[in-house]
Amino acid sequence: MNGGTVTGGGRAVVRFRSAVAALVAAAALGLVTGRFVLPPPSGAEAHPDARSGPAVGGASRGGTALAEPGGSVPTPSASGSASPRGATGPVTAANLLQPAAFAPDAGTGRIHVTDRYGDGHYANSACTGEKTLMETLGGPGAHFRGLMTGTRTDPSDPTLALDIADQVARQVAAEARSPSLAQNFAQRLLLEQVPCQEETPGHWVYGRTRTLRLAPDVTASWMGAYQGSLNTTGTAPEGEEPCGGIAVLRSGTHYGLLEVNACLGTAAMNRVVRTALSQL
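As the structure is a computational prediction, the values presented were derived from the model and not from experiment.

Student: I'm lost on the state of the cysteines in this one. Help?
Tutor: Linking two cysteines covalently through their sulfur atoms gives a disulfide. For the structure on display, the rule yields two disulfides. The disulfide that involves C127 links it to C196, with 1.7 Å between the sulfurs. On the S-S bond that ties C127 to C196, the torsion sits near -65°, and the link is left-handed. Pair noted here: C127 is in the loop between β4 (112–118) and α2 (133–137) and C196 is in the loop between α3 (179–193) and β9 (205–215), with a separation of 69 residues, a long-range link. The buried category is assigned to C196, whose relative accessible area is 0%. Look at the protein and number its bonded cysteines as they come in the sequence; the links are 1-2, 3-4.

Structure, rendered in structure tokens:
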């Protein structure tokens, strides 16, 4: 069937009506079959020491969080440019979180930074027993960074505040030989925290895992911390804001952990974790 006309008796006979109808039907069918709704994967959330005080920067009840609980949400960069690429090469001080990340919630002038390189106990939860990074991964040393409001540090580790109340956050970051190995390390570090999502009522507990994804190989999974008074069923309470938390980060060949001791709510945690991930 062609798309022309046949003339005769002063009339034009349109002969492609059936073709148009077929195209309309095909377009309608494509609209029906071409749309997909993917449910977010299930997950869980968690964090070590129980803190008192209201969460800062919590998500509003009627607002939209940056990442739904248990879901993976692609997050564009702040500038609106293309998604970042996974990191390569060695980790440097430029890859570690700066005090400015806490600017909306804490005076950055009060936050002191201390660094060291080597092995040691990382942000592993007391509920699973503390280990060193070498014991967990069998890998080389890592960069440790402490962010704290006081200047007195633990004699055994300058990235730990002598008074836990002075600790704002602590980060551990290292590089692997390949992106796949970095992903493996990140998964193992995350699994270390999963047991802390179920605890005896009255004990601090981690909540559901929340995932931020800036690119296929630039991802973070974080768990909010809930103090023992909120744990009445053995798991984190629904509808309550966390008070800080712990995150596992991975960007290309870089990986690490970020423990936030400051009492930050969901929105603030999302912001800090995203900042740490974009720098890693």
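Student: How do you make sense of the confidence of the model for the protein when you look at a structure like this?
Tutor: Interpretation of this model should avoid reading the predicted coordinates in detail wherever pLDDT is low. Here the protein shows a mean pLDDT of 77. Residues at 70 or above account for 69%. Throughout residues 1–52 the model reports pLDDT below 50, and contacts reaching past four residues in sequence, or to other chains, amount to 79 contacts.

Student: Sorry, what's going on with the pattern of salt bridges here?
Tutor: Within this structure, the stated rule accounts for five salt bridges. Between D157 and R116 there is a salt bridge, with its nearest N and O atoms 2.9 Å apart. One end of the pair, D157, is in strand β7 (residues 157–161); the other, R116, is in strand β4, and 41 residues separate them in sequence. For the salt bridge of R170 with D157, the shortest nitrogen-to-oxygen distance reads 2.7 Å. One end of the pair, R170, is in strand β8 (residues 167–175); the other, D157, is in strand β7, and 13 residues separate them in sequence. D157 shares its class with R170; the two are buried. If you follow the salt bridges from partner to partner, you end up with R116, D157 and R170 in one network.

The rules behind each value
- Residues numbered from 1 in each chain as written.
- Predicted model: local features only at pLDDT ≥ 70, side-chain atom pairs only at ≥ 80, totals over all residues.
- Heavy atoms only, no water.
- Disulfide = S-S within 2.5 Å.
- Helix = DSSP H or I, 4+ residues; strand = E, 2+ residues; numbered from the N terminus.
- Buried < 20%, exposed > 50% of the residue type's maximum accessible area, 1.4 Å probe, protein only.
- pLDDT = per-residue confidence, 0-100.
- Contact = heavy atoms within 4.5 Å.
- Salt bridge = Lys/Arg side-chain N within 4 Å of Asp/Glu carboxyl O.

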